[in-house]
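A structural walkthrough
Now for the letters of each chain:
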Amino acid sequence: MSKIAEIRTLFEAKIKDGIPDPPGEFDARDLGRVSSDKYLYRVLEHSRNNVQQAVEMLYEIMVWRKKMNANEINENTVNLDYLKEGIFFPQGRDIDSCLLFIMKSKLYHKGQKNVDEVKKIIIYWLERIEREEDGKKITLFFDMDGCGLNNMDIEIIMYMVTLLKNYYPNLINYIIIFQLPWMLSAGFKIVKGILPAEAIERLRTVNKDKLKELVAPEQALVSWGGKNEYVFNFFPENRISVDNTSKSSTLDSQHSLGEMLSLNPGKLLIFKVENDRICAQLTITNMDDSVISFKIRTTAPEKYVVKPSSGILTSKASQTIQIQVNSGFQINSVEKDRFLVVSMQIPSADISAKEISEMWKTIGCKADEYRLKCSTVNMLKSEPIQEKPSHEHDSIMYKLNNLQNNHKMLVKNIKTLRMYQYATLFLTFLSLSLCYVTYNKDCQL
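Cut-off values and rules
Residues numbered from 1 in each chain as written. Predicted model: local features only at pLDDT ≥ 70, side-chain atom pairs only at ≥ 80, totals over all residues. Heavy atoms only, no water. Helix = DSSP H or I, 4+ residues; strand = E, 2+ residues; numbered from the N terminus. Buried < 20%, exposed > 50% of the residue type's maximum accessible area, 1.4 Å probe, protein only. Contact = heavy atoms within 4.5 Å. Areas by Shrake-Rupley, 256 points an atom, 1.4 Å probe, with all protein chains shown as cover. Salt bridge = Lys/Arg side-chain N within 4 Å of Asp/Glu carboxyl O. Phe/Tyr/Trp six-rings, centres within 6.5 Å; stacked < 30°, edge-to-face > 60°. Lys NZ or Arg CZ within 6 Å of the ring centre and 35° of its normal. Pairing = 2+ DSSP bridges. Right-handed = clockwise from strand over helix to strand, strands pointing away. Axes fitted to C-alpha atoms, helices over the stretch in contact; angles between N-to-C directions. Core = buried A, V, L, I, M, F, W, Y, C linked by side-chain atoms within 4.5 Å.

As named in an unreviewed UniProt entry, the protein chain is Motile sperm domain-containing protein 2, taken from Danaus plexippus plexippus.

Structural data, given as C-alpha cells:
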C-alpha cells in the first residue's frame, strides 16, 4: 500500500471512531480534500514523510476548518473596509514563480483594529490564494519598510505563521522580511523560534539591494526598488469561475496539475562518484495525454552541467537527464542545492524553438513545478541527525507577553520623555524671556 493510500485509510478509520462535538461532523467540502492525492501528498511532505503525523495533521486541519467555518469566509463575512485598505494582498512572484502574499506592515497600526477581524482577513486571502493557485506554493512577504513600533503586532505575525505551519500544508516557498528596522528585530526572533527547521531554511531578511536575489525587478513593486507599478485595488473573488475551472480540470484529465510528469527519483537526487566524476541521474516521464515541454533549473547553475536541460516529451514518453558536478566542487557541497523541473503543455512536438521560448515567457503560474533536493550516498548511510527540541509553547508565550509588555513600557517612556522635553523647552523659553526683561530694565536704569 502506498503512503497516500495508507493516510486515507487511517484517516477514514479515525473519523469512524467518532468526531467530538464540538466541532461535530466535518464539512463535506473539506472531506473532499481527502480524495485528492495531490492534497494528501502536500500533507505528507509537510509531515516529513511520516504517515502517522500526516494523519494527525489532516485530522487537525478538518477540526480547525469546521470550527472556523473556513469555507464560508468570503467578502460578505469579513470586514470589507479592512480588505480594501490593502494591508494584505497578493501580487508579483518570486524567482521560483511562486505568488507573493504581502503584508504591508506600514498600513497596520496596532490597537486600532479588531484583531479577530484582521485574522479573518488573513484566512480569507489564504483560502482565496489556495483556490486560485491550485495549492501551489506561495512566498510570505513582510514589507517592513518605514515601520515603527506601533506598526508591528507580534500576535498577528505569529498567527499568520501558525496558520501556515498547522493548517495549510506545504504552502510556503520563502518567508521574506523586507527592510526590517533594527528596533523590530527582537520580535522576529520570537517568530523564528516557532518555525520548524525547514521553514527557517526558507527565511530571508533582505534590503532593497538583496531583494533581486529572490524577486526579479520586473515582479518587485516600485516601492521596493523594482519595476512593478501595481497599486492595490481590491476586486472580489470570482468563485464560480475558480470552482468551475477546478471541476473541469478534474473531469478533462486523468491527472491533476501536479501529476503531469512522473519523476524518478521523485523528490531526492542522489549524487555519487563514478569514474572520478560526481553525477546523478533523473528520468522524466510525460503522464499527460498531450505533448509537454520541460525545463530544469537549479539554485547553483555554475556548479552543474545538465544534459539535456530542456526538451519535449510526447504522451507517455520518457527522457533520462544526466547531471554532473563541475570540477573544483566537493561532493558534500551538493547537499544544500535544489533542482526545479517545470513543464507546460504545447500544441505539438513539431513546434519551433522560438515558439516554445515565447510560450515560456507568457505561461506564468500555469506551468507545473516539481522540486528536488540533493543528497549523497554517504549522507544516506549516515545516522539521521537528531533535531533540537522545539521551544515549548509556554516559553514562547512568555517571551511574547514579555516583549509586548516591554513594548508598552517603551511607548510609555517615550511619551514621558516627550513631556519632559516640552517642559524643558517651556522653562528655557521662560528663562530667556525673564533674562530679556531684566536686561531691558538694567539698560533703562
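From this point, things continue past the structure.
1. With respect to the overall build of the protein chain
Of the regular secondary structure elements, the protein chain holds 13 helices and 14 strands. Going through the 445 residues of the protein chain one by one, you find that 41% of them count as buried. Relative to all contacts within the protein chain whose residues are 6 or more apart in sequence, the contacts with residues 24 or more apart total 77%. Only carbon and sulfur atoms are counted for the fraction: they give 53% of the accessible area of the protein chain, which is about 25300 Å².

2. Quick word on the pattern of salt bridges
Going through the model one piece at a time under the given rule, you end up with 26 salt bridges. Note that Arg 338 is salt-bridged to Glu 201, the shortest N-O span being 3.8 Å. Within this pair, whereas Arg 338 is found in strand E13 (residues 338-346), its partner Glu 201 is found in helix H9 (residues 197-201), the two being separated by 137 residues in sequence. Judged by its relative accessible area of 23%, Arg 338 is partly exposed.

3. Regarding the environment of Ala 280
By the secondary structure assignment, Ala 280 is in strand E8 (residues 277-286). We classify Ala 280 as buried; its relative accessible area is 5%. Ala 280 sits 43 residues away from Ile 323 along the chain, and the two C-alpha atoms are 5.2 Å apart.

4. Quick word on the packing of aromatic side chains
Applying the stated criterion to the full structure yields 15 aromatic pairs. Summarising the aromatic geometry, the rings of Phe 89 and Tyr 230 are spaced 6.0 Å apart at their centres and angled 35 degrees between planes, so their arrangement reads as tilted. With a gap of 141 residues between them, Phe 89 in strand E1 (residues 88-93) and Tyr 230 in the loop between strand E5 (203-206) and helix H10 (239-252) connect regions that are remote in the sequence. Using a relative accessible area of 29% as the deciding quantity, one classes Tyr 230 as partly exposed. Between Phe 142 and Phe 188, the aromatic rings sit 5.7 Å apart at their centres with planes inclined by 70 degrees, giving edge-to-face as the arrangement. A residue pair is termed long-range when its members are at least 10 positions apart, and Phe 142 in strand E3 (residues 138-143) and Phe 188 in helix H8 (residues 185-194) qualify at 46 residues. Like Phe 142, the residue Phe 188 is buried in the burial classification. Taken together, the ring pairs in this structure connect Trp 64, Tyr 167 and Tyr 168 into an aromatic cluster. The cationic tip of Lys 119 hangs over the ring face of Tyr 159; the distance from NZ or CZ to the ring centre is 4.8 Å. Just above the ring of Tyr 174 sits the side chain of Arg 202; from NZ or CZ to the centre is 4.3 Å.

5. Concerning the pairing of strand E4 (residues 172-178)
In terms of residue burial, E4 counts as a mostly covered element, since seven of its seven residues are buried. Here E3 runs beside E4; their pairing, made up of five bridges, is parallel. For Asp 143, the partnering residue across the bridge sits in E4 and is Phe 178. In this region the chain leaves E3, passes through helix H7 (residues 154-166) and returns to the parallel neighbour E4; the handedness of that crossover is right-handed. Relative to E5, E4 is paired through four bridges, and the arrangement is parallel. Among the inter-strand pairings, Phe 178 is bridged to a residue of E5, identified as Val 206.

6. So, the sheet that holds E3
Picture the strands of a sheet paired through backbone hydrogen bonds; they go either parallel or antiparallel. Taken in spatial order, the five strands of this open sheet run E1-E2-E3-E4-E5, and their pairing is mixed. The sheet terminates laterally at E1 and E5, the two strands that pair on one side only. Averaged over all pairs of adjacent strands, the angle between their axes in this sheet comes to 25 degrees, without regard to strand direction.

7. Focus: the nonpolar core
Residues Phe 88 and Phe 142 are the most contacted members of the largest nonpolar core, which totals 85 residues. Here this core takes ten residues from helix H4 (residues 51-68), the largest share from any one element. When sequence neighbours within four positions are dropped, the list of residues in contact with Phe 142 reads Met 103, Ile 157, Met 160, Ile 175, Ile 176, Ile 177, Phe 178 and Phe 188. Counting 26 residues, the second largest nonpolar core, distinct from the first, contains Leu 261, Phe 294, Ile 323 and Phe 339.

8. A look at the pairing of strand E9 (residues 291-298)
Two elements, E9 and E13, share eight bridges in a ladder whose sense is antiparallel. By the bridge assignment for E13, Thr 298 is matched with Phe 339. Here E9 runs beside strand E11 (residues 310-313); their pairing, made up of four bridges, is antiparallel. Each bridged residue has a counterpart across the sheet, and for Lys 295 the counterpart in E11 is Ser 310.

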